[in-house]
Amino acid sequence: MKTFSLRLRLTLLLALATLVALGIAAWVVDWRADAEMQQRFDSALLARAQAFAAVAQFGERNAAVESDVRRSNLFPGAAGRSWYQLGCGDVVIAHSSEIPPRIAAANTPRFGDVRLHDGRLLREVALRFAHANAMPAAHPGTCELRYALDRGPLDEILGTLDLILLGSILGACLVVLALTPWLVRRGLRPLSTLDAAMARIGPDAPGERLPRTDTRELAPLVARFNEVLARMDEGLARERQFAAGLAHELRTRLAELRTLVDVEMRYPSEHDPREVLGEIGNIGGELEATVGALLQLTRIESGVQAAQREAVDVQALVTRVLARRGEALRARGLRLDRGNAQATVRIETDPALLEIVLDNLLGNAIAYAPAGGTVGVCVTLERIEIGNAAPELGESDLARFGQRFWRKGAGENGAGHAGLGLALAQASARALGMRLEFALQNAQLLATLHWA
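A.B. asks: Can you walk me through the sheet that holds strand β12 (residues 444-450) in this structure?
C.D. replies: Strands belonging to one sheet form pairs held by backbone hydrogen bonds; the direction of such a pair is parallel or antiparallel. Here we have five strands laid out as an open sheet, ordered β7-β9-β10-β12-β11, and mixed in their pairing. Lying at the two open borders of the sheet, with one neighbouring strand each, are β7 (335-337) and β11 (435-441). Geometrically, the sheet is characterised by an average inter-axis angle of 15° between neighbouring strands, direction not taken into account. Note that β7 and strand β9 (residues 374-379) share three bridges and pair parallel. Across the sheet, aspartate 337 pairs through a bridge with glycine 376, a residue of β9. Helix-sheet contacts for helix α9 (residues 351-368) involve β9, β10 (383-389), β11 and β12, and the interaxial angle to β10 is about 15°.

A.B. asks: Even after reading the chapter, I still don't get α9, so can you show me in this structure?
C.D. replies: Side chains three or four residues apart in an α-helix point the same way, a direct result of the helix having 3.6 residues per turn. In this model, α9 (18 residues) spans 26 Å end to end at C-alpha, consistent with the 26 Å of a helix rising 1.5 Å per residue. In terms of burial, α9 is a largely internal element, 15 of the 18 residues being buried. If you check the start of α9, you find a side-chain oxygen 2.9 Å away from the backbone N of alanine 352, and it comes from aspartate 350.

A.B. asks: Looking at this structure, I do not really get the nonpolar core. What am I missing?
C.D. replies: One broad rule of soluble globular proteins: the nonpolar side chains tend to lie buried together. Grouped together as the largest cluster of nonpolar side chains are 44 residues, with contacts concentrated most on Leu354, Leu361, Ile384 and Phe438. Those elements that place two or more of their residues in this core are α7 (314-324), α9, β9, β10, α11 (421-432), β11 and β12. Of all the elements, α9 adds the most residues to this core, at nine residues. When sequence neighbours within four positions are dropped, the list of residues in contact with leucine 361 reads Ile386, Leu422, Ala425, Leu436, Phe438 and Ala447. In terms of nonpolar packing, the next biggest core, distinct from the first, is built from 21 residues, Leu45, Ala53, Tyr147 and Leu154 among them.

A.B. asks: How do you make sense of the pattern of salt bridges when you look at a structure like this?
C.D. replies: Side chains that carry opposite charge are capable of pairing whenever their charged atoms lie near each other. Taken as a whole and assessed by the stated rule, the structure comprises 15 salt bridges. Note that aspartate 118 and arginine 120 form a salt bridge whose closest N and O atoms lie 3.1 Å from each other. Judged by its relative accessible area of 32%, arginine 120 falls in the partly exposed class. Between arginine 435 and glutamate 437 there is a salt bridge, with the nearest N and O atoms lying 2.8 Å from each other. A relative accessible area of 43% means that arginine 435 is categorised as partly exposed. Through salt bridges that share partners, Asp42, Asp113, Arg123, Arg151 and Asp155 make up one connected network.

A.B. asks: Teacher, can you tell me more about the layout of surface pockets here?
C.D. replies: Empty space among the atoms becomes apparent when a probe as large as a water molecule is rolled across them. What the second largest pocket holds in volume is close to 210 Å³. Breaking the lining of the second largest pocket down by element, the ones donating at least two residues are β9, β10 and β12. Examining the composition of the lining of the second largest pocket, we find that four residues originate from one element, β9, more than from any other. Of the residues belonging to the lining of the second largest pocket, the class tally is four nonpolar, seven polar and three charged.

A.B. asks: Is there a simple way to think about empty space enclosed by the protein in this case?
C.D. replies: Evaluated as defined, the whole model comprises two cavities of 30 Å³ or more. The computed volume of the largest cavity comes to approximately 50 Å³. Lining of the largest cavity is provided by Leu361, Asn364, Ala365, Ile386, Asn388, Leu422, Phe438, Leu445 and Ala447. Elements with a minimum of two residues in the lining of the largest cavity: α9, β10 and β12.

A.B. asks: Whenever I open this one, the sheet that holds strand β5 (residues 142-150) confuses me. Can you help?
C.D. replies: Across the sheet, five strands lie side by side as β2-β1-β5-β4-β3; this open sheet has antiparallel pairing. For this open sheet the edge positions go to β2 (91-95) and β3 (110-115), each flanked by a neighbour on one side alone. For this sheet, the mean inter-axis angle between neighbouring strands, taken without regard to orientation, is 20°. Sheet topology places strand β4 (residues 121-130) next to β5; nine bridges connect them, and they run antiparallel. Each residue of the ladder has a partner; that of alanine 126, found in β5, is arginine 146.

A.B. asks: Sorry if this is basic, but what is going on with a nonpolar patch on the surface here?
C.D. replies: Where nonpolar side chains cluster on the molecular surface, the patch consists of Leu16, Leu19, Val20, Ile24, Trp27, Val28 and Trp31 and spans about 720 Å² of accessible area. As for its position among the elements, valine 20 is in helix α1 (residues 6-57).

A.B. asks: Quick question: what am I supposed to make of the pairing of β2 here?
C.D. replies: In terms of strand pairing, strand β1 (residues 82-88) meets β2 through four bridges, oriented antiparallel. In the sheet register, cysteine 88 faces β2, and the bridge partner there is valine 91. Count of turn residues in the β1/β2 antiparallel hairpin: two residues, of which glycine 89 carries a positive phi of about 65°.

A.B. asks: What is the right way to read unusual backbone geometry from this model?
C.D. replies: Most of the time, phi is negative for any residue but glycine, and the peptide bond is trans. The phi dihedral of asparagine 442 is positive, around 55°, even though this residue is not glycine. By relative accessible area, asparagine 442 is classed as exposed at 77%. With a phi close to 65°, alanine 443 is a non-glycine residue in the positive phi region. Secondary-structure assignment places alanine 443 in the loop between β11 and β12.

A.B. asks: Could you clarify how one ought to interpret the packing of α9 against α11 in this entry?
C.D. replies: Two measures define how a pair of helices packs: the angle their axes make with one another and the distance between the axes. Here α9 crosses α11 at 150°, and the two axes come no closer than 8 Å. On the basis of their axis angle, the class for α9 and α11 is roughly antiparallel. Crossing handedness for the pair α9 and α11: left-handed. Along its contact with α9, which presents Leu353, Leu354, Ile356, Val357, Asn360, Leu361 and Asn364, the element α11 presents Gly421, Leu422, Leu424, Ala425, Ser428, Ala429, Ala431 and Leu432. Per-class residue counts for the contact of α9 with α11 are 11 nonpolar, four polar and no charged.

A.B. asks: Even after reading the chapter, I still don't get the packing of aromatic side chains, so can you show me in this structure?
C.D. replies: Two measures describe an aromatic ring pair: the distance that separates the ring centres and the angle between the ring planes. Tallied over the entire structure, the rule returns three aromatic pairs. Relative to tryptophan 31, the ring of tryptophan 27 lies with its centre 6.3 Å away and its plane at 10°, an arrangement referred to as stacked. Of this pair, tryptophan 27 and tryptophan 31 both sit in helix α1, four residues apart, which is roughly one turn of the helix. The exposure class assigned to tryptophan 31 is partly exposed, which follows from its relative accessible area of 48%. On the numbers, 5.9 Å between centres and 45° between planes, the contact of phenylalanine 52 with tyrosine 147 is tilted. Residue phenylalanine 52 is found in helix α1, and its partner tyrosine 147 is found in strand β5; the two are separated by 95 residues along the sequence. An identical accessibility class is assigned to phenylalanine 52 and tyrosine 147; each is buried.

The rules behind these values
Residues numbered from 1 in each chain as written. Predicted model: local features only at pLDDT ≥ 70, side-chain atom pairs only at ≥ 80, totals over all residues. Heavy atoms only, no water. Pairing = 2+ DSSP bridges. Helix = DSSP H or I, 4+ residues; strand = E, 2+ residues; numbered from the N terminus. Axes fitted to C-alpha atoms, helices over the stretch in contact; angles between N-to-C directions. Contact = heavy atoms within 4.5 Å. Expected span 1.5 Å × (residues − 1). Buried < 20%, exposed > 50% of the residue type's maximum accessible area, 1.4 Å probe, protein only. Polar contact = N/O pair within 3.5 Å; in protein donor to acceptor, adjacent residues only side chain to side chain. Core = buried A, V, L, I, M, F, W, Y, C linked by side-chain atoms within 4.5 Å. Salt bridge = Lys/Arg side-chain N within 4 Å of Asp/Glu carboxyl O. 1 Å grid on protein atoms, 1.4 Å probe; cavity = no way out; pocket = protein on both sides within 12 Å on 5 of 7 lines; lining within 4 Å. Points joined across faces, edges and corners; volume = space filled by probe spheres on them. Nonpolar A, V, L, I, M, F, W, Y, C, P; charged D, E, K, R; others polar. Patch = residues over 30% accessible without salt bridge, like charges linked within 9 Å, V, L, I, M, F, W, Y side chains within 5 Å. Areas by Shrake-Rupley, 256 points an atom, 1.4 Å probe, with all protein chains shown as cover. Parallel < 35°, antiparallel > 145°, perpendicular 65-115°, else oblique. Left-handed = near helix turned anticlockwise from the far one by under 90°. Phe/Tyr/Trp six-rings, centres within 6.5 Å; stacked < 30°, edge-to-face > 60°.

Just geometry here; none of it tells us what the structure is for.
Structure follows, in structure tokens:
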């Protein structure tokens, strides 16, 4: 995959943006400066032409008028700096030694650029005015003045301004090109800090997080990345816990299985082979149940198995679970007490997860209740209560309920149980948004599942 440098890209983009911005700004400044200089030049030209017209307007309509104009020091036409022609009707009253090219006059002053025969460019204004003195009928009283100045000095100033602006743009671009890499490096310094922090993150450093940053654009990225790391650490912790628990339980059961096989091979007993195989099958079933419970617990805690809510008849669900546990109830001589429960209780929940909770709570009560005792089940509109006698439990044991692979004591009640039932029930209850509580009342263990 082809890679590119973010610093180089930012440098080029910034330089290009600066060049375009400065170019547009210089063009606007040059346009405004040219317009302003042209306007001022035209204003000065018009003022001189109007002053010239004022001298001619109030002079006598004879040769003295031309004499008056030529005696004026304001408009030295012979000096090569101004050109003019003054006429009234068809009569030319006065003109400079070189007559400027003609542009049409109008009621308002008109400006235009004209060129002499020698190539010089002039700025000319043409205006009309009425002569103040009476005129013979053959000579109308409306006069026309065409007055021009050399615009060479103006063009020189405008050219100098253009060179200054162009030089400023090039100089600014060179400065930007020189400073941008350094500025980009400073601007991207937080990324270098994050890169160094990421290098320390890995499976061998659980809990490592990216440092908080005060860069507004990077703060959300750092927060999301830390959230991802937290979820990965949780998943890794669950996998390690699963592997550790599974290894512990498998090691115990496999050791028991190997011992049974070794003893039978070295010291054959008179037991029926079917009994030995049946015991081996029981151990295998317990291992299968343990692995299944661990996998289900991991799926629930990781959120893979999410709650799918629908209407559930709790009484019917309890009856189905008890029917599945009926053989264990009869084998231990236990009596079932359903109490004065509601006839029908319907709630919105996930039936599969709720069945996991009820199956593990009832299975735990049946397995640990004293033989010949009573298992109580009471369903109300707000909760379900499952109770059994627990003379060996103390208040300190309740704090350990739900811990994986924890069982109270050993013996026949603990045989065949991996200590995952209550952990699975609590995880399922949390996934359902319910609350599972345990309490001891008069040597009776009472498990209560609240949904309201």
